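One-letter residues, chain by chain:
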Amino acid sequence: MAIEKCINEFGVGDVIFEEGSTGRELFVVLDGQVEIAKIAGTSKTVIVTLGKGEFFGEMAVIDGSSRSATAIAAAPNTKVMRINHARFVYLVSQQPAFALMIMDALSKRLRVSNERTYRAAT
């Protein structure tokens, strides 16, 4: 598949994917910003804002579960590259540094989540 077919451009407020939807793709921010948010009715809580070089959607591509949050373009001309499950598995198997980068990011994100949960409980 040509790389151009894996790149999508979004405007501010465009939804890249919704919480609860199925998806077997990881996304890499090539340009712009993406908000990862929890939405309940008219209320939106931004979990994190990601920029160039950062990725999202990794949980669904790893375990096949539904999306745990909504991804929304937060800057004009936000460009993301989609990496499907097959390409993800190939990269992990052929590029140990890629696998380590994913594990490192997941670990850091889990630590932040744990800290927020601890602070909210105390």
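For the structure, check the block above.
What this report covers is the structure whose coordinates are included nearby. Given the structure is predicted, the values throughout are model-derived calculations rather than measurements.

### With respect to the overall build of the protein chain
- Along its length, the protein chain carries three helices and eight strands.
- For the protein chain, the α and β elements follow one another from N to C terminus as β-β-β-β-β-β-α-β-β-α-α.
- Here the C-alpha atoms of the protein chain give a radius of gyration of 15 Å, agreeing with the 14 Å that 2.2 N^0.38 yields for 122 residues.
- For the protein chain, the spread of C-alpha atoms along the three principal axes comes to 45 × 30 × 25 Å.
- Sequence separation of at least 24 residues holds for 75% of the intrachain contacts in the protein chain that already meet a minimum separation of 6.
- Here the protein chain has roughly 7600 Å² of accessible surface; of this, 56% comes from carbon and sulfur atoms.
- When the 14 positive and 13 negative side-chain charges of the protein chain are each reduced to one mean point, those points stand 3 Å apart.

### A look at the pairing of strand E7 (residues 70-73)
- Side-chain alternation along E7 places Thr-70 and Ile-72 on one buried face and Ala-71 and Ala-73 on a second face that is also buried.
- Here two bridges tie strand E2 (residues 15-17) to E7, and the two strands are oriented antiparallel to one another. Across the sheet, the residue bridging to Val-15 is Ile-72, located in E7.
- Strand direction decides the pairing type here: strand E4 (residues 34-40) and E7, joined by four bridges, are antiparallel. Paired with Ala-37 across the strands is Thr-70, a residue of E7.

Conventions adopted
Per-chain numbering applies: the sequence of each chain, read as written, is numbered from 1 onward. It should be noted that, the model being predicted, local features are given only for residues of pLDDT at least 70 and side-chain atom pairs only at 80 or more, the latter also being counted only at that level, while totals for whole chains, interfaces and linings use all residues. Note that water and hydrogens are dropped before the side-chain values are worked out from all heavy atoms of the structure. Think of it this way: any DSSP run of H or I at least four residues long counts as a helix, any run of E at least two long counts as a strand, and we number them from the N terminus. The size measure is the radius of gyration over C-alpha atoms, and the globule rule it meets is 2.2 Å times the number of residues to the 0.38 power. We call two residues contacting when some pair of their heavy atoms lies within 4.5 Å. Accessible surface is estimated by sampling points in the Shrake-Rupley manner with a 1.4 Å probe; for residues, cover comes only from the protein chains shown. In this tally, Asp and Glu contribute negative charge and Lys and Arg positive charge; neither His nor the terminal groups of the chain are included. Positions of charges follow a simple convention, taking NZ of Lys, CZ of Arg, CG of Asp or CD of Glu. Note on classification: 1.4 Å probe, protein chains only; a residue is buried when its accessible area is under 20% of the maximum for its type, exposed when over 50%, partly exposed between these limits. Each pair of strands is called paired provided DSSP finds at least two bridges between the two strands.

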